[in-house]
Amino acid sequence: MKKLHMVDLFGQYKKIKPEIDAAIHSVIDSSAFINGNEVKEFQKNLETYLSVSHVITCGNGTDALQLALMALDLQPGDEVITTAFTFVATVEAISILRLKPVLVDANPETFNIDINQIERAISQKTKAIIPVHLFGQCANMEEIMDIAARHNLYVIEDAAQALGSQYMFSNGLTKKAGVIGHIGCTSFFPSKNLGCFGDGGAVFTNNHELAQKIRCIANHGSKIKYFHETVGINSRLDTIQAAILNVKLKYLDQYNTARGKVADFYDSAFSNIPQLTIPRRRNYSTHIFHQYTLRLNGINRSEFIKYLSEKNIPTMIYYPVPMHLLTAYSSLGYKKGDFPIAEKLSEDVVSLPIHTEITGSSLELIASSVVQFLSNIK
Ligand SMILES: *Cc1c(COP(=O)(O)O)cnc(C)c1O
């Protein structure tokens, strides 16, 4: 039995090693480590893949969110609405700019922002909404875009976990995650569905003016070297990472399909077990399963995790603390009880291994171990 991992980056690399190695070596040969041709090529390739006019690559997904917000010329104290149940980067990017994150509870079935609670969070100071497509399934973008249009707000999609996921509007139109709102952001952190061999990220937009601004801000606030127009940051995707991503982008749909098959297996293994709630799939979005996250009903999570880990089955809790209860964000003034769904989710979710290299026998072992644990506690 192969050792089980939450992700298997080496196994994935081995299958495309000659291509990846050649891509890396060609960058070393050219030694254009910063802003080399591969960066431009990758931007073009991703624009084509996503059907979007502008892809601006940057240093990581957190920078992508910060760049998107910086391009909107917001004032300190302006409010940005996002979900209480996400990875911290979403709230961090808002806070670092002295903007105010205003949180909204999650939907208990999809883990995404509860669209029915967004409007009551809107105030005179609200300027933008950042939906997060958590675990690989899009938030309800049609509703979110409608709300934003009614209140004249920007929408920045955090698509770090959903690159390649497809959203379907009620009129049949489809768009990829990240290119529905005014700006989209993603991450190429190694374990993301499209991961590089270090840090990386990108911003997407169909708005030419915003694209130019974002490009300028990411480049120290200058369009012409040494003629700085605005206060910017230094955020770039390394050429070596772009070269790797050019290879891996060709396999992204295949990778996402492989994850989908793992999820289908888990779904059928767990769908009739009352103590487990399988991830709910919505018909308005495909699910690319960045994570396969179960909810445990009336079972002790620590014991569940311990039992599996004794069988060498890793699990993770995404995320153990909702944003409003993090020490770093206590100054926002929220308290326990403010977002009951996010709080409940943080107590009862558990994510199982899902990646492109997992074998059928590993899946059988995971499923049978979960079932065994449940029959032991009966
Ligand atoms: C990974 C992630 C980010 C941040 O990406 P980094 O590249 O690690 O900075 C932002 N938001 C979400 C939802 C993520 O999962």
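Reference entry: report on the structure contained in this document. Since the model is a prediction, treat every value here as computed from it, not as a measurement.

1. Remarks on the sheet that holds strand β13 (residues 292–296)
Strand order in the open sheet made by the three strands is β12-β13-β14, with antiparallel pairing throughout. Either end of the sheet is taken by a strand with one partner, and the two such strands are β12 (276–277) and β14 (349–352). Where β13 and β14 come together, four bridges link them in antiparallel fashion. Bridging from a neighbouring strand, T293 pairs with S351 of β14. Strands in contact with helix α9 (residues 252–270) are β12, β13 and β14; relative to β13, the strand with the most contacts, it is inclined by about 20°.

2. A closer look at the site of the ligand
Taken together, N60, G61, T62, F87, A89, V132, D158, A160, Q161, S187, K192 and G200 make up all the residues around the ligand. The contact in question runs from an oxygen atom of the ligand to an N or O atom on the side chain of Q161, over 2.8 Å. Here an oxygen atom of the ligand sits 3.1 Å away from a polar atom, N or O, in the side chain of K192. When isolated, the ligand has an accessible area of 380 Å², and the protein chains bury 92% of it. When its residues are assigned to classes, the shell around the ligand shows four nonpolar, six polar and two charged.

3. Quick look at a nonpolar patch on the surface
Taken together, the side chains of I28, F33 and I34 define a hydrophobic patch exposed on the protein surface, amounting to about 250 Å² of accessible area. One can find I28 in helix α2 (residues 17–30). Classification of I28 by relative accessible area gives partly exposed; the value is 37%.

4. Some remarks on unusual backbone geometry
A cis amide bond links Y318 with the next residue in sequence, Y319, at an omega value of 5°. Among the secondary structure elements, Y319 is positioned in the loop between α10 (301–310) and α11 (340–348). Of note, the phi angle at N152 is positive, near 60°, even though the residue is not glycine. Among the structural elements, N152 can be located in the loop between α6 (141–151) and β5 (154–158).

5. Examining the sheet that holds strand β3 (residues 100–104)
Ordered by their spatial adjacency, seven strands build an open sheet running β1-β9-β8-β5-β4-β2-β3, and the pairing between neighbours is mixed. With partners counted over all chains shown, the strands left at the sheet margins are β1 (54–58) and β3, one partner each. Strand after strand, the sheet turns through a mean of 25° between neighbouring axes, direction not considered. Pairing geometry for strand β2 (residues 79–83) and strand β4 (residues 126–130), over four bridges, is parallel. When the sheet's bridge partners are listed, V80 is paired in β4 with A128. Together, β1, β2, β4, β5, β8 (183–187) and β9 (201–205) form the strand contacts of helix α4 (residues 61–70), whose direction differs from that of β8 by roughly 165°. Across the sheet, α6 lies against β4 and β5, angled at about 150° from β5, the strand it touches most.

6. What about the nonpolar core?
Counting residues in each nonpolar core, the largest one holds 28 residues, and the members touching the most others are L67, L69, V80, I156 and I183. Those elements that provide at least two residues to this core are β1, α4, α5 (89–96), β4, β8 and α7 (208–218). If one sorts the elements of this core by residue count, α4 sits on top with six residues. In contact with L67, other than residues within four places in its own chain, are C58, V203, I214, I217, A218, I233 and S235. Within the second largest apolar cluster, 26 residues are counted, among which are I299, I354, I358 and V370.

7. Points about the pattern of salt bridges
Summed over the entire model, instances satisfying the criterion amount to 17 salt bridges. In this structure, the salt-bridge partner of E109 is R282, at a minimum N-O distance of 3.2 Å. Pair noted here: E109 is in the loop between β3 and β4 and R282 is in the loop between β12 and β13, with a separation of 173 residues, a long-range link. The class for R282 is buried, based on a relative accessible area of 18%. Here D348 ties to R295 by a salt bridge, and the two come within 2.9 Å at their closest N and O atoms. You can see D348 sitting in helix α11 and its partner R295 sitting in strand β13, a full 53 residues away along the chain. The class for D348 is buried, based on a relative accessible area of 6%. Exposure remark for R295: the relative accessible area of 14% places this residue in the buried category. By sharing partners, the salt bridges in this structure join E109, R280 and R282 into a single network.

About the cut-offs
- Residues numbered from 1 in each chain as written.
- Predicted model: local features only at pLDDT ≥ 70, side-chain atom pairs only at ≥ 80, totals over all residues.
- Heavy atoms only, no water.
- Pairing = 2+ DSSP bridges.
- Helix = DSSP H or I, 4+ residues; strand = E, 2+ residues; numbered from the N terminus.
- Contact = heavy atoms within 4.5 Å.
- Axes fitted to C-alpha atoms, helices over the stretch in contact; angles between N-to-C directions.
- Near = heavy atom within 4 Å.
- Polar contact = N/O pair within 3.5 Å; in protein donor to acceptor, adjacent residues only side chain to side chain.
- Areas by Shrake-Rupley, 256 points an atom, 1.4 Å probe, with all protein chains shown as cover.
- Nonpolar A, V, L, I, M, F, W, Y, C, P; charged D, E, K, R; others polar.
- Patch = residues over 30% accessible without salt bridge, like charges linked within 9 Å, V, L, I, M, F, W, Y side chains within 5 Å.
- Salt bridge = Lys/Arg side-chain N within 4 Å of Asp/Glu carboxyl O.
- Buried < 20%, exposed > 50% of the residue type's maximum accessible area, 1.4 Å probe, protein only.
- Core = buried A, V, L, I, M, F, W, Y, C linked by side-chain atoms within 4.5 Å.

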